[in-house]
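# Coordinates in review
One letter stands for each residue in the lines below.
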Amino acid sequence: APWALCVAARMRERFGADVQAMATDDGIVLRLPDLIDDADEKSTFDADLIEMLTLDPDEVHDMVTTEIGGSALFAARFRECAARALLLPRRSPGKRQPLWQQRQRSAQLLEVAARYPTFPIVLEAVRECVQDVYDVDALQQLMRDIASRNVSVVSMTTQSASPFARSMLMGYIAQFLYEGDSPLAERRAAALSLDPALLAELLGRGEGAQLRDLLDPQVVSDTQDQLQRLTADRACRDANDVTDLLRTLGPLSTAEIAQRVTEESRTQATTWLAELSERRLVIAVRIAGDERWADAQDAARLRDALGVALPVGVPAIFTEPVEDPLGDLVRRYARTHTPFTLTELATRLGIGRAVAGDAVRRLIDSGRMVEGALRPLSLSPEAATGHADDVAAVGENAVELCDADVLRMLRRRSLAALRQEVEPVTQDTYARFLSGWQSIGELRGVDGVHRAIEQLAGAHLPASAVESLILPARVKDYTPGMLDELMTAGEVLWQGHGSLPGDDGWISLHLAETAHLTLATPGIQTETSGTGSEPEASQHDRAQQVLDVLERGGSYFFRALADSLPAEPALDDATLLATMWELVWGGRLTGDTLAPVRMLLSGGKTAHKSRRSGPRTGRSTRWSRPSVGLAGVGASAPPPRPRMPSRTGPATAPGRWSLLPQIETDPTVRALATAEQLLDRYGVLTRGSVVAEGIAGGYAGVYRILAGAEEAGRVRRGYFVEHLGAAQFGTTGAVDRMRALSEHSPLPSSSTPAGSAGKVAATVLAATDPANPFGASIPWPVRDAGVPDDDAPHSQHRAGRKAGALVVLVDGCLGLYLERGGRTALTYTEDPDHLGRIAAALRDQVTHRNVASLIVKKIDGTPALSSTHPFALALTEAGFHTAPQGLRLRR
């Protein structure tokens, strides 16, 4: 129910139309006016709806208390509270009073009480709703779980209502069938006004109980200097800057202006003011007995609000009356100051505290200002006792005032300063977090594949690992048909990024709706897979012929594409196929499914061994069978027909082919999209993660975007993971989830009994998988009791993020690195229990996944057959058998 109140309020604000909400234990029903005209608006609306459903956890309490007055629950609770307080006495105590009459009397009382923000019965009714009826804390925790991705939000559109929704729709009809007969209290409660400070005190979460101890004194002091433009980076450098200074801060004296001018130009401040005065851009006024300079555009406000005498020559356009002159001056003062008292405001403006208090009260009621014990005691020792006049003018419990946006900024910066003092998590904790953040082993079905691709969009992956390791690691029940379903529906596409030895290559997956932001800049791969050497110019000409046909639009089967090419020079199937794959690996050409890549992988020695799916064999016809009919038994078969080109094309070119969409050319838009994609992929972003991605511009380009996002409060920067540098960025939900993970789930020890609840299974990942942090954000661990790989006896075998290699993680710790094909295994643990889990994970990868076989030839540089290494024994116990090359396991 409180969630429904908040969502309806955000929708009213977003669409500017009346939105009705009904909540049950099963869900929320929202009634919206018909605001959607076409498919594009429908797609935009779906995205906006998900955004409106997710609330800021820190704003949940305030939003609920603001919207509670318009609910039927509040009207009922107010009637009960008023009756308990004997404000609705019965004229005949011995007789029953009808409910409709109680509602009418309650409505009349509420109509009067709503005028007084401190009326105790109204506040008590709000308190009952928020604390006794609604579970607002649970809603706040749910929003935190959504931010940290412990809870996922899935959007689904159905043709008909589900059984749950169908029953809710019946309840919706029952609730609103007689809406015109709703009691007056339910309709008039929307005009409710509350004293926010008193209500916060009543709910036990007043500003004075939180912010005075939370706000960092140094942060408040630094922010005050920034708002007042007293820092060197915001100092005025010329006369135009002085005009902007007066427009932003309001009237200032000559000495105050000089403080805000760069040191080398400070002597010119008087000259600049004289020039601006002659041009009638600034005016000299007298406020509170001081001579000050003011922006000419403020002439009407200063005259009407403060009674300032204006000099001669002010343009008439600047002297026209404004709607709320005093309110404008107070708002500007609040926007450019950290917490202040009413006395300071009145003294600065040269007006009485009662006059200033009236303007402040209006701003507090509108939510633009906040009152309470806000200033840290170290900055204002007298704030602990308060000023008697301030208390009388603003409120009993109010000591300081602050602009709402400035207070949010102070809170955000103070929290960031406090979090910097928090001890960073270990690298093992970050590895555990990254596996959970990328949903390793958690997704299911086509929707799970869609989510995995959304997170992996743009990442360069070995083609042989995509469907054998990377997607199955995330989606428990993954089958190739799930990916084909998304591709044939036009939701997902793929791009090539260069070939690998053995009919393999680098590819990336993209969501169609954001492909223009995540696709790489295309090129043409000049190396061909054909035999012999040809001039590079002829290769380019063939590629250009294919591009000319595809640029006409549409998708082509292989044979249709061949028929559309110019007759001269003619291209045979083999040459055309090689040209097409050049365009594929150059990032220009793509297929409507991943079938061409699968067929290519089935014909060679790929980086990752997977089950082969060879070309489909054709059915035998009567012309291809030996003739046994009229020619007689034993008669010789007719001569075979000459082999003609297949109408479906070569086996490695199935499906339709088309050009990839155009990429976004604006570098700023692409940089922003890249930063958002990396944050979505890693949660907590480090320099190593960006470098491993091979992003154009490197970490410096992404850093500028993330630094701007941090200033806007969208991400946090700090030292979150130890030994990975201080310039780390992460979303609030990701950082909180990672730190919560460090407080729980301790690493398993060798003493953990088998089969216990604390036992954690090992995870097998491709070494190039973004979920593997080692070799990217985290350096590879040292081996051999602290001896680095370079100094080890078998230093020719070193771990790396290579295509074909595997890693096995045990609760965030690197346990094993397996080179391509399993030739050499490098162990990073001596715990027999961990080694047993690693061997079992490798066995499951072969028996239940898409890895065809594994053969381990060497373990830590020694032959596996003659090795006495504990890992060799663990492999044997897991089902690996001896072979001439080493320990082997087949499907």
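The shown structure was predicted, so the numbers you read here are calculated from the model rather than taken from an experiment.

Along the backbone of the protein there are 36 helices and 23 strands. Per-residue burial for the protein yields a buried fraction of 46% across its 891 residues. Put simply, 70% of the contacts in the protein that link residues at least 6 apart link residues at least 24 apart. Just so you have it, the protein exposes about 44,600 Å², and 52% of that area is on carbon and sulfur atoms.

On to the sheet that holds strand E22 (residues 881-882). Two orientations exist for strands paired in a sheet by backbone hydrogen bonds: parallel and antiparallel. In spatial order, the strands read E19-E23-E22; together these 3 strands make up an open sheet with antiparallel pairing. Looking at which strands have only one partner, the edges of the open sheet turn out to be strand E19 (853-856) and E22. The sheet contact formed by E22 and strand E23 (residues 887-890) spans 2 bridges and is antiparallel. Bridge pairing in E23 links His 881 to Arg 888.

With that settled, consider the sheet that holds strand E16 (residues 806-810). Taken in spatial order, the 6 strands make up an open sheet running E15-E16-E17-E18-E20-E21, and their pairing is mixed. Sheet topology places strand E15 (762-766) and strand E21 (862-863) at the edges, where each strand pairs with a single neighbour. Judged from the 2 bridges that link them, strand E18 (residues 824-827) and strand E20 (residues 858-859) form a sheet pairing that is parallel. Following the sheet pairing, Ala 825 is matched in E20 by Ile 859.

Attention shifts here to unusual backbone geometry. The phi dihedral of Arg 229 falls on the positive side, at around 55°, and the residue is not glycine. Within the secondary structure layout, Arg 229 lies in the loop between helix H12 (217-227) and helix H13 (239-249). The exposure class assigned to Arg 229 is buried, which follows from its relative accessible area of 9%.

Turning next to the packing of aromatic side chains. Summed over the entire model, instances satisfying the criterion amount to 9 aromatic pairs. With a centroid separation of 5.0 Å and 85° between ring planes, the pair formed by Tyr 333 and Phe 340 is classed as edge-to-face. The exposure class of Tyr 333 is buried, given its relative accessible area of 11%. Aromatic side chains Tyr 430 and Phe 433 sit 6.1 Å apart centroid to centroid with 35° between the ring planes, which places their arrangement in the tilted category. Taken together, the positions of Tyr 430 and Phe 433, both in helix H22 (residues 427-437) and 3 residues apart, correspond to about one turn of that helix. Members of the aromatic cluster, connected to one another through ring pairs, are Tyr 430, Phe 433 and Trp 437.

Judged by nonpolar contacts, the single largest core of 75 residues is most densely connected at Leu 483, Ile 838, Leu 842, Phe 871 and Leu 875. Among the elements that line this core, the one with the most residues is helix H29 (residues 573-585), at 7 residues. Apart from the residues lying within four places of it in its own chain, the contact partners of Leu 875 are Ala 839, Leu 842, Val 856, Ile 859, Phe 880 and Leu 887. Ranked by size, the runner-up nonpolar core spans 41 residues in total, among them Leu 685, Val 690, Val 735 and Met 738.

Residues Leu 887 and Leu 889 of E23 are buried on one face, while the alternating residues Arg 888 and Arg 890, pointing to the opposite face, are not. Inspection of the sheet shows E19 paired to E23 by 4 bridges, in the antiparallel sense. Bridge assignment links Ser 853 to a residue of E23, and that residue is Arg 890. Counted between consecutive antiparallel strands, the loop separating E22 from E23 contains 4 residues.

This paragraph deals with a negative patch on the surface. Negative charge collects at one region of the surface, where Asp 447, Glu 485, Glu 491 and Glu 513 lie side by side. If you trace the backbone, Glu 513 turns up in the loop between strand E9 (504-511) and helix H26 (515-518). Owing to a relative accessible area of 58%, Glu 513 belongs among the exposed residues under this scheme.

For H29, which comprises 13 residues, the first-to-last C-alpha distance of 18 Å matches the rise-based estimate of 18 Å (1.5 Å per residue) to within 8%. Most of H29 is tucked away, with 10 of its 13 residues classed as buried.

Moving on, we get to the pattern of salt bridges. In this structure the tally under the stated criterion is 36 salt bridges. For Glu 80, the salt bridge is made with Arg 77, and the minimal N-O distance between the two is 3.9 Å. One end of the pair is Glu 80 and the other is Arg 77, both in helix H4 (residues 72-84) and 3 residues apart, which spans about a single turn. Put simply, Arg 451 and Asp 680 hold a salt bridge, and the shortest N to O gap is 3.2 Å. Residue Arg 451 is found in helix H23 (residues 445-456), and its partner Asp 680 is found in helix H31 (residues 667-682); the two are separated by 229 residues along the sequence. Taken together, the shared-partner salt bridges in this structure form one network comprising Asp 298, Arg 301, Asp 328, Arg 331 and Arg 332.

So, on to the side chain of Asp 811. Looking at the element boundaries, Asp 811 is found in the loop between E16 and strand E17 (813-818). Within the local environment of Asp 811, its side chain forms a polar contact with the side chain of Arg 432, the two groups lying 3.4 Å apart.

Turning to the packing of helix H16 (residues 299-306) against helix H17 (residues 325-335), a few remarks are in order. It is at 8 Å that the axes of H16 and H17 come closest, and there the two elements cross at 110°. Classified by the angle their axes make, H16 and H17 are roughly perpendicular. Taking contact as the criterion, the partners of Arg 301, Leu 302, Asp 304, Ala 305 and Leu 306 in H16 are, on H17, Pro 325, Leu 326, Asp 328 and Leu 329.

Before going further, it helps to examine the environment of Phe 318. For Phe 318, the position within the fold is in the loop between H16 and H17. The residues touching Phe 318, leaving out its near neighbours within four places in the chain, are Ala 296, Gln 297, Ala 299 and Ala 300.

When pLDDT is averaged along the protein, the result is 78, and 79% of the positions lie at 70 or above. Here residues 526-533 scores under 50 on pLDDT; set against residues more than four positions off or in separate chains, the count is 5 contacts. The low-confidence segment residues 614-645 (pLDDT under 50) makes 12 contacts with residues lying over four places distant or belonging to another chain.

Positionally, Gln 228 belongs in the loop between H12 and H13. A residue is classified by how much of its surface remains accessible, and Gln 228, at 8% relative accessible area, is buried. If we ignore the near neighbours within four places in the chain, the residues touching Gln 228 are Leu 249, Arg 260, Thr 336 and His 337.

A few words now on helix H7 (residues 136-147). Look at H7: 17 Å from first C-alpha to last across 12 residues, which is about the 16 Å you get at 1.5 Å a residue. Among all positions of H7, only Val 136, Leu 139, Gln 140, Met 143 and Ile 146 are buried. The arc that holds the buried residues of H7, viewed along the axis, is 120°, so those residues lie on one side. Residue Arg 149 follows H7 closely and has a positive phi angle near 65°.

Conventions we followed
Residues numbered from 1 in each chain as written. Predicted model: local features only at pLDDT ≥ 70, side-chain atom pairs only at ≥ 80, totals over all residues. Heavy atoms only, no water. Helix = DSSP H or I, 4+ residues; strand = E, 2+ residues; numbered from the N terminus. Buried < 20%, exposed > 50% of the residue type's maximum accessible area, 1.4 Å probe, protein only. Contact = heavy atoms within 4.5 Å. Areas by Shrake-Rupley, 256 points an atom, 1.4 Å probe, with all protein chains shown as cover. Pairing = 2+ DSSP bridges. Phe/Tyr/Trp six-rings, centres within 6.5 Å; stacked < 30°, edge-to-face > 60°. Core = buried A, V, L, I, M, F, W, Y, C linked by side-chain atoms within 4.5 Å. Patch = residues over 30% accessible without salt bridge, like charges linked within 9 Å, V, L, I, M, F, W, Y side chains within 5 Å. Salt bridge = Lys/Arg side-chain N within 4 Å of Asp/Glu carboxyl O. Lys, Arg positive; Asp, Glu negative; His and termini not counted. Charge placed at Lys NZ, Arg CZ, Asp CG, Glu CD. Expected span 1.5 Å × (residues − 1). Polar contact = N/O pair within 3.5 Å; in protein donor to acceptor, adjacent residues only side chain to side chain. Axes fitted to C-alpha atoms, helices over the stretch in contact; angles between N-to-C directions. Parallel < 35°, antiparallel > 145°, perpendicular 65-115°, else oblique. pLDDT = per-residue confidence, 0-100. Arc of directions from axis to C-beta.

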